[in-house]
Amino acid sequence: MKLPNATEMHSLDQSAIDDYKIPGVVLMENAGLGTVLMMEKVLGSPDNSFALIFIGPGNNGGDGLVIGRHLHQRGCKPIFFFLVDPDELKGDAAANMDIVRKLRLPFHVIDSKARVQTLPVLYKQFVNQGNPCYAIVDAIFGTGLTRPVTDEHAETINFINFSNSVRGIPVIAVDIPSGMDSDNGKVLGTSIRADYTATYGCPKPGHILHHGPEFTGKISVVDIGIPPEVMERARISTELLDRETAASLVAPLMRVDNAHKGSHGHLAVLAGSVGKTGAATLAVKGALRAGTGLVSLFTPKELNPVFEVLLVEAMTISLPVSKTIFEVNDLTFIEQEISGKRAVVIGPGIGTEPATSELVLRLYETIELPMVMDADALNILAKNRDNLPTAAGPRIFSPHAGELARLLGCTIDEVQDNRVKAAKEACRIYSKDRHDGIMILKGAGTIVTSSSGHTYINTSGNPGMATGGMGDVLAGIIGGLICQRLDVETAAAAGVFLHGMAGDILYKNGFGYSASELGDQLPSCLYQLLKA
C-alpha cells in the first residue's frame, strides 16, 4: 500500500479532479460518508445521540461538515464548533456549510481562548438534554499542517484530550490527528490523541512514523473515489510494509519437493571477537532460521573452539593469521574462501581495531557479492566516510539511529527528527554511483530505502525488541534471504518485516524475550506468510 506525503496526496486529489473530471465536492462527500460508515462499524448506531464536531479551515473542515450531515441522517444530532469564521470557508467546504445552514444544524464559533473555556459548560448542557455523546470528530487540521498549533486551536485540542467532561468519549480524527505532521509523525506543538483515524485514499507516513502510532489510534483507509489509474501514474515511491506486502515479497521462497541445501544458498558470516561471540552466533542463527541452505562463519582461530560448540548446524572457517580479532593479513585467504558463497554478512561484534578496519574496507572494495554491513562494520565506514572506497557489489547497511548519526556526522536527534530523510541521505552518500545500495534505519517504523528511490516503512515490531542481539539476528536473516535468491531490496524489506513479526508473536506474552528466542520464531512466521 502506497504512503503518499502531503504534496503527493494533494496531487492525487488534483489529478482525480482535473484529469478525470471528478468534482472535488464528490471526493469530499465520499470522504465524509466513508468516515461515518467506519464510525458505525466500530461504534454502532448513532441514533438518539449527539456528536461534537470541531471544524477548521480548508477541506478537512469540509469533511467534518459532511460527516455531521450524514450523522444527522442517522438520527444523531451534530453540534459543530468552528475554529474558523464559517463565512471564510471556500470552495467545497463553503458548499457544505450552505447545506448545514439550510438544515439549521447547531454550531458555535470558537474564536478565542476564552470561548474554549465555555466548552465544558456547553457539553454539560447537551448531556442534560438526555442523549449520550456518540463521538468527538476532529476536523480541525489536515495533512497540509506544517506550523506549530497555538492559541485557541491548541486549547481546543487540550480540551478534547484532557478534559474530564469528555473523558471516555471516542475521538475520531479526520485523515490525520490535528497537530501532527502527516509526512513524518512529528507533533507540532500539541496533537489530538485519536481512538480512530479515518484516512482518505491512502495511509500517510505520519501515521506510522515518530509519534504517529501513539496519536492515530486504529487506522481505517477510506476509499474516496480516486481512480486506480491516478495511483498507477503517480509513481509514489514510499510504501507501507505490512503483512500483505511482506507475503508478496517472500512468495518466491516457496520450496519445491526436490529442494536440497544447495538450492538455498551458502552464506559467509564475518563476525565475533573476544567477549562478542554471541553477536556472531545470533547472526548465524538468524540466517539458518530464515531458511539458508548453508552458513559458514569466518572466525579468528582462537575463537574457533567456542563456535564449534555453539554452532552445530553451521560450519566454521578458522583464519590462519587472526588470533582473537579479524586482521587484514587474512584478506587473501578470506577472498579465496568466500568463492562459491552467495552473500556476506560482516560486522556483528568484530570490533574496530585498525587491522580489522583495514580488512573491512578492503573487503568492501573487492568483494562483488551482496554484503550486509552491520554494527562495527558501519562504525568503520563512518570513521572513513571522507575517503570511502567504492563498493565492488551491492551493499545493505543496517544501522540503528546512533550508527546512522555517525554515518552522517550528525546527532541522533537530527536523525530521529526526520527518519525517512536521514535514511535516504545516507543511502545516497554510501551508495555513491551504484543503484543497488540499501539503507535500513532500524527502530520503531523501520525504514528500508534503496538507491533506486523506493522506500518501505515497516509496521511490524514492538518495544520488547529493545534488547541486545536483535540487530545481529536481522543481519543474518537478510543475508540468508539473499542467498535464497531474493534481490537485495526485497530481502531487506522481507527480512525487516519477518524480524518484527517474530517479535510480535513473543510480545503477546510481554517483554523480556531474547534475540535467540526471536530467531526460533522465524520458521513459523515465514510459513505463515507463504501460506497467506
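Keep in mind the model is a prediction, meaning the values are calculated, not measured. (Residues numbered from 1 in each chain as written. Predicted model: local features only at pLDDT ≥ 70, side-chain atom pairs only at ≥ 80, totals over all residues. Heavy atoms only, no water.)

**Points about the overall build of the protein**
Helix and strand counts for the protein stand at 23 helices and 17 strands. Its C-alpha atoms give the protein principal-axis dimensions of about 85 × 50 × 45 Å. Looking at the protein as a whole, 56% of its 532 residues are labelled buried. For the protein, restricting intrachain contacts to residue pairs at least 6 apart in sequence, the fraction spanning at least 24 positions comes to 73%. Total accessible area computed for the protein in this model is approximately 21,800 Å², and 50% of it derives from carbon and sulfur atoms. With 46 positive and 57 negative side-chain charges, the protein shows a spacing of 2 Å between the two charge centroids. (Helix = DSSP H or I, 4+ residues; strand = E, 2+ residues; numbered from the N terminus. Buried < 20%, exposed > 50% of the residue type's maximum accessible area, 1.4 Å probe, protein only. Contact = heavy atoms within 4.5 Å. Areas by Shrake-Rupley, 256 points an atom, 1.4 Å probe, with all protein chains shown as cover. Lys, Arg positive; Asp, Glu negative; His and termini not counted. Charge placed at Lys NZ, Arg CZ, Asp CG, Glu CD.)

**Quick notes on the pattern of salt bridges**
Counted under the stated rule, the structure contains 13 salt bridges. In this structure, the salt-bridge partner of R74 is E40, at a minimum N-O distance of 3.2 Å. Of the two residues, R74 is situated in the loop between α3 (58-73) and β2 (76-82) and E40 in helix α2 (residues 24-43); the sequence distance between them amounts to 34 residues. When its relative accessible area of 25% is taken as the criterion, R74 is described as partly exposed. Looking at E40, the relative accessible area reads 27%, which means it is partly exposed. Through salt bridges that share partners, K285, R289 and D520 make up one connected network. (Salt bridge = Lys/Arg side-chain N within 4 Å of Asp/Glu carboxyl O.)

**Observations concerning helix α12 (residues 277-289)**
Spanning 13 residues, α12 covers 18 Å between terminal C-alpha atoms, matching the ideal 18 Å at 1.5 Å per step. Of all the positions in α12, only T277, A279, A280, T281, L282, A283, V284, G286 and A287 are classed as buried. Looking one or two residues past α12, G291 carries a phi angle of roughly 100 degrees, positive in sign. (Expected span 1.5 Å × (residues − 1).)

**As for the packing of aromatic side chains**
All told, the structure shown has 7 aromatic pairs when counted by the stated rule. Between the aromatic rings of F54 and F81, the centroid separation amounts to 5.1 Å while the plane-to-plane angle is 20 degrees, which identifies the pairing as stacked. Of this pair, F54 sits in strand β1 (residues 49-55) while F81 sits in strand β2, and the two are 27 residues apart along the sequence. We note that F54, like F81, is buried. Between the aromatic rings of F80 and F82, the centroid separation amounts to 6.3 Å while the plane-to-plane angle is 40 degrees, which identifies the pairing as tilted. Accessibility expressed as a relative area gives 0% for F82, which makes it buried. Sitting over the face of the ring of F215, R193 holds its NZ or CZ atom 4.3 Å from the ring centroid. (Phe/Tyr/Trp six-rings, centres within 6.5 Å; stacked < 30°, edge-to-face > 60°. Lys NZ or Arg CZ within 6 Å of the ring centre and 35° of its normal.)

**Describing the nonpolar core**
In terms of nonpolar packing, the biggest core is built from 58 residues, with V269, I396 and L481 touching the most fellow members. Of the residues forming this core, the biggest block, 11 residues, is contributed by helix α21 (residues 488-507). Those residues in contact with L481 that sit more than four places away from it in its chain are L253, A290, L486, A491, A494, G495 and L498. Membership of the second largest hydrophobic core comes to 48 residues, among which are L331, I338, L363 and A405. (Core = buried A, V, L, I, M, F, W, Y, C linked by side-chain atoms within 4.5 Å.)

**A look at the environment of G217**
Relative to the helices and strands, G217 resides in the loop between α9 (212-216) and β7 (218-222). Taking the C-alpha atoms as reference points, G217 and Y196, separated by 21 residues in sequence, lie 4.9 Å from one another. Setting aside residues up to four positions removed in sequence, G217 forms contacts with A194 and D195.

**Describing the pairing of strand β6 (residues 196-200)**
Burial within β6 is extensive, with 5 of its 5 residues counted as buried. Neither face of β6 is open: one carries Y196, A198 and Y200, the other T197 and T199, and all of them are buried. Strand direction decides the pairing type here: strand β5 (residues 171-174) and β6, joined by 3 bridges, are parallel. Paired with A173 across the bridge in β6 is T197. (Pairing = 2+ DSSP bridges.)

**Some remarks on the pairing of β5**
Of the two faces of β5, the one lined by V171 and A173 and the one lined by I172 and V174 are each fully buried. In this sheet, β5 lies alongside strand β4 (residues 133-139) in parallel orientation, the contact comprising 3 bridges. Bridging across to β5, D138 finds its partner in A173. Tracing the backbone out of β4, into helix α7 (residues 151-162) and back to the parallel element β5 gives a crossover that is right-handed. (Right-handed = clockwise from strand over helix to strand, strands pointing away.)

**Description of the environment of T190**
Positionally, T190 belongs in the loop between β5 and β6. Taking the C-alpha atoms as reference points, T190 and A154, 36 residues apart in sequence, are found 6.5 Å from one another. Excluding residues within four positions of it along the chain, T190 makes contact with V149, A154, I157, N158, S178 and G179. Here the side chain of T190 touches N158 through a polar contact of 3.4 Å, side chain to side chain. (Polar contact = N/O pair within 3.5 Å; in protein donor to acceptor, adjacent residues only side chain to side chain.)

**Considerations on the sheet that holds β1**
An order of β3-β2-β1-β4-β5-β6-β7 is seen for the 7 strands of this open sheet, with the pairing classed as parallel. Two strands close off the open sheet at either side, each with one partner strand: β3 (107-109) and β7. Each adjacent strand pair in this sheet contributes to an overall mean axis angle of 20 degrees, direction not counted. As judged from the 5 bridges shared by β6 and β7, these two strands associate in the parallel manner. Its bridge partner being in β7, Y196 is matched across the sheet by K218. (Axes fitted to C-alpha atoms, helices over the stretch in contact; angles between N-to-C directions.)

**A word on helix α19 (residues 419-431)**
For α19, built from 13 residues, the straight-helix expectation of 18 Å at 1.5 Å per residue is met to within 8% by its first-to-last C-alpha distance of 18 Å. One or two steps after α19, the chain reaches K432, where phi turns positive at roughly 50 degrees.

**A few points about the sheet that holds strand β12 (residues 343-346)**
Here we have 10 strands laid out as an open sheet, ordered β8-β17-β16-β15-β14-β13-β12-β9-β10-β11, and mixed in their pairing. In this open sheet, the two edge strands, each paired with only one partner strand, are β8 (238-241) and β11 (315-319). Strand-to-strand twist across the sheet, computed as the mean angle between neighbouring axes with direction ignored, equals 20 degrees. Bridging between strand β13 (residues 371-373) and strand β14 (residues 395-397) involves 3 bridges; their strand directions are parallel. Considered in β14, the bridge of M371 is made with R395. Contacts between helix α11 (residues 243-250) and the sheet are confined to β8 and β17 (455-458), with β8 contributing the most and set at about 95 degrees to the helix.

Scope: geometric values only; no functional claims are made or implied.
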